[in-house]
Amino acid sequence: MPAESRIAAGRGGTDPHRGLVSDHALAVFEFGRVLDRVAERAASDAGKRRIRSLVPTSDLAAARRELARVAAVIDFADDKPAWGLPPIPDVDAALRALAPEGAVLEPIQLHRLGVLLTSSRVLSQEMDTRDGDYATLLSIRERLISDRSLEGAIERAVDSEGAVLDKASKELRSIRNRLRGAHSRVVRQLETYMRTLDERFVVSDGSVTVRDGRYVIPVRREGKGAVGGIVHDESQSGATLFIEPPVAIELMNQLRDLEREERREIRRVLGDLTARLAPSRTALVGAFDALVDFDSLFARARTANAWRATVPELVQSGGVGLRLVQARHPLLLEAGDHGSVVPYDLEILGDERALVISGPNTGGKSVFLKATGLIAALAQSGVVPPVHAGTRLPVFSTFFADIGDEQSIAQSLSTFSAHLANLKTIVEQADGGSLVLIDEMGTGTDPAEGAALARAVLEELVQRGALTIVSSHLGDLKRLDEEGSAIVNASLQFDSVRMEPTYQLAKGRPGRSYGLAIARRLGFPEHVVDRAEAYRNGDEVNLDELLGRLGERESEAARLVADLAREQERTARLQADLDAREAALREEERTASERAREEARRELLDARTEVERAIEEVRAAGTDAVAKASQSARRRVEEAARRRQPDRPRRSNVSSASFALGDRVQVRATGAKGHVIEVRGRRVVVEAGSLRIEVPAEDLVRLQDASEAGADRGRGGGWTGPVLEQAHLEVDLRGLRVDQVDLELPRALDRALIDDLADLRIIHGKGTGALRQRVGELLDLDPRVRDHRMGGVTEGGSGVTVAIFR
């Protein structure tokens, strides 16, 4: 077995780096219960046993390798979620039976070894076809074997019930065919004989049956002499005898001879298959171990996915600290809904050696201690603990725990004596590679003496370099958090309004016990609680009040931070939506431009065809008909041009007096439609969409037909961009957003170039300057624009940019 598998299995203490891992500490952590839950996800009994035998290793390299193998199998499982591990039979007994020379395996043992060969081949093929990086699983792949010939021979010979099949050999099929014929002959012979018996000796409803492996007929006792033969059995009353008559003895002897032949042939078949398997025994052992190894890893990978766990970073212990991110107790995750389990974060820096946790009873301190110990022990055992990315764990050489009531009547140990016994062991054996977890430190005796003893033990552990986490209600321990002491306070927070724990860990400050407040909440007599309040030390009261106010402010700060995070998330979603819309708009503009270019190209090709056809007709006409053919060709070309020219309203002689406020009008130059909002002498101000433009009255056409205006409103394919005031003069972009300018300005430049203008006046207004800046950027990028400048005093100043074309 490779080193990583051997260490992970933890069989019989084979890990040389197991060190002084305390079985007592693992029992306190309920480490075995967690392994049982992990083992339930294994496919084979051997895989379950392999998982239950896991123990923490203090070898950093081995622990890292094992977690890397689990991570590889997690990727393997995620690559094909529907894939399942092939069956892994229990072949321990078969492999042991295969060891002696000349051994012959039982049919069921051969069948199981055949299943082993099939599963080994299936897994090896699956690993070979995957594209991922599974180098860490190479040791498993190297031990898997494939022998289709032997696999097929076993499949043809035996079935899952342990029966040897007829197709195991031609001789066996022949023997069994003869056996079936012999059985039929014996039964027919006996049935014929029964019909010849005297009715006095015949048993009603009697038929041929089998006793001691031989065919017999039922006969009344008084007919024994007449029938003769061998009596094999009798009924309970003794009135009926089961006799093998002389006429069947010879046939039965022939039948027995065939059965002996069958047994000899079966043993030969089994012996041949066993002989073929024997040289591969070592390879079969390796393949079985590889399958069990993969089963163990696969179960741990499924567990990691169920816990939504991430492989932590493992580092060498000794002054490196510890960091847990979104840590959760695995048994709580296994017990119910993940959403009901409150995760916690914990960071102990490299120069911090002890964490003193305080807070109320039922606040979760004991669960916190067990969860922390479990997470470290699981990671060192090759099980991905329920933590998130960013977790860093030292590899501990020893674990010590004193959690819960361990009094023993049998050993005459009180609760306090049991705690002292545990503390004595801890103080004697803990060192810089140890993780020490102590619950309710210093309780069970006189508070002053308990606090003094707890302080002395804690300082001794800090001096030894052990990473120690303790919980306590003692005020003296809360005061040990001083500069350079390597001891730091922490608390499990408590909602003082609802009087219930929040299970959130707050490092850097002690917590209140809330003993009297909880007593009051539970209905304790008011006068008794009031008297207790009066007996409290003034300094302790002030400290509790200070801690209470600090906790409330921290809660408010946490709420504000959460609100800010939610607002930032909302802003990010809105920004993403805005970016997506902008991208869609750009794509729409690009495709529209491509369609326009394609349409123009098609129209040019059509026009060129008309011209070329007309030229050919002119050339083909005689001298006298040239003039007539030229006229005809010119008419066709002009007609084609008219067909491709967009319809525009005809100019009419109108003045500004012809328009009234609210009139629906159309601008001749652009085809844009709007309504009149102001008349300025000979010019009219028109509001078209989000733009207001001023144009000469003669460039407008009144839309008098209401149906025409309504049709315009209902038409979805029209251009809704900015309206140009005599497109060859200026474009007004005021009122547009910056992203809308990206679409509208190029259209205005196109129109100005079509009108063969030297420059274009762009009105963007002053405002914040965002439109002016974007206009400048677009003009810089447009190759058709030679230069651009700010408008002059009479042109609109900084509210206008003039684009000069090449």
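Everything in this summary refers to the structure shown in the same document.

Calculation notes
Residues numbered from 1 in each chain as written. Predicted model: local features only at pLDDT ≥ 70, side-chain atom pairs only at ≥ 80, totals over all residues. Heavy atoms only, no water. Helix = DSSP H or I, 4+ residues; strand = E, 2+ residues; numbered from the N terminus. Buried < 20%, exposed > 50% of the residue type's maximum accessible area, 1.4 Å probe, protein only. Contact = heavy atoms within 4.5 Å. Areas by Shrake-Rupley, 256 points an atom, 1.4 Å probe, with all protein chains shown as cover. Core = buried A, V, L, I, M, F, W, Y, C linked by side-chain atoms within 4.5 Å. Pairing = 2+ DSSP bridges. Axes fitted to C-alpha atoms, helices over the stretch in contact; angles between N-to-C directions. Phe/Tyr/Trp six-rings, centres within 6.5 Å; stacked < 30°, edge-to-face > 60°.

When helices and strands are counted, the protein chain shows 25 helices and 24 strands. Split into buried and exposed, the 806 residues of the protein chain put 43% on the buried side. If you take every contact in the protein chain between residues at least 6 apart in sequence, the share linking residues at least 24 apart comes to 68%. Of the roughly 42,100 Å² of accessible surface on the protein chain, a fraction of 50% belongs to carbon and sulfur atoms.

Further remarks concern unusual backbone geometry. Positive phi is not limited to glycine here, since glutamine 326 has a value of about 50°. Along the chain, glutamine 326 turns up in strand β6 (residues 322-327). In this model, alanine 486 sits at a positive phi of 65°, which is unusual for a non-glycine residue. Counting through the fold element by element, alanine 486 comes out in the loop between α18 (475-478) and β13 (487-495).

Before going further, it helps to spend a moment on the nonpolar core. Core analysis: the largest hydrophobic core is formed by 103 residues, its most contacted members being Leu137, Leu277, Phe294, Leu346, Phe368 and Ile469. No other element matches the twelve residues that helix α13 (residues 281-307) contributes to this core. When sequence neighbours within four positions are dropped, the list of residues in contact with phenylalanine 368 reads Tyr344, Leu346, Ile357, Ile469, Leu492 and Leu505. Membership of the second largest hydrophobic core comes to 22 residues, among which are Ala430, Ile438, Val470 and Leu474.

Judged by pairing direction, the sheet is antiparallel, and its four strands sit side by side in the order β1-β2-β4-β3 without closing on themselves. Lying at the two open borders of the sheet, with one neighbouring strand each, are β1 (209-211) and β3 (230-234). The mean angle between the axes of side-by-side strands here comes to 50°, regardless of whether they run parallel or antiparallel. As defined by bridge partners, β3 adjoins strand β4 (residues 240-244) across four bridges and the pair is classed as antiparallel. Looking at β4, one finds that glutamate 234 is bridged to leucine 241. Together, β2 (214-220), β3 and β4 form the strand contacts of helix α12 (residues 246-277), whose direction differs from that of β2 by roughly 160°.

A complete count under the given rule lists nine aromatic pairs for this structure. Seen from their ring centres, tryptophan 83 and phenylalanine 298 are 5.7 Å apart, and the 85° between their planes marks the pair as edge-to-face. With tryptophan 83 in the loop between α5 (60-79) and α6 (92-97) and phenylalanine 298 in helix α13, this residue pair connects regions lying 215 residues apart in the sequence. With a relative accessible area of 10%, phenylalanine 298 lands in the buried category.

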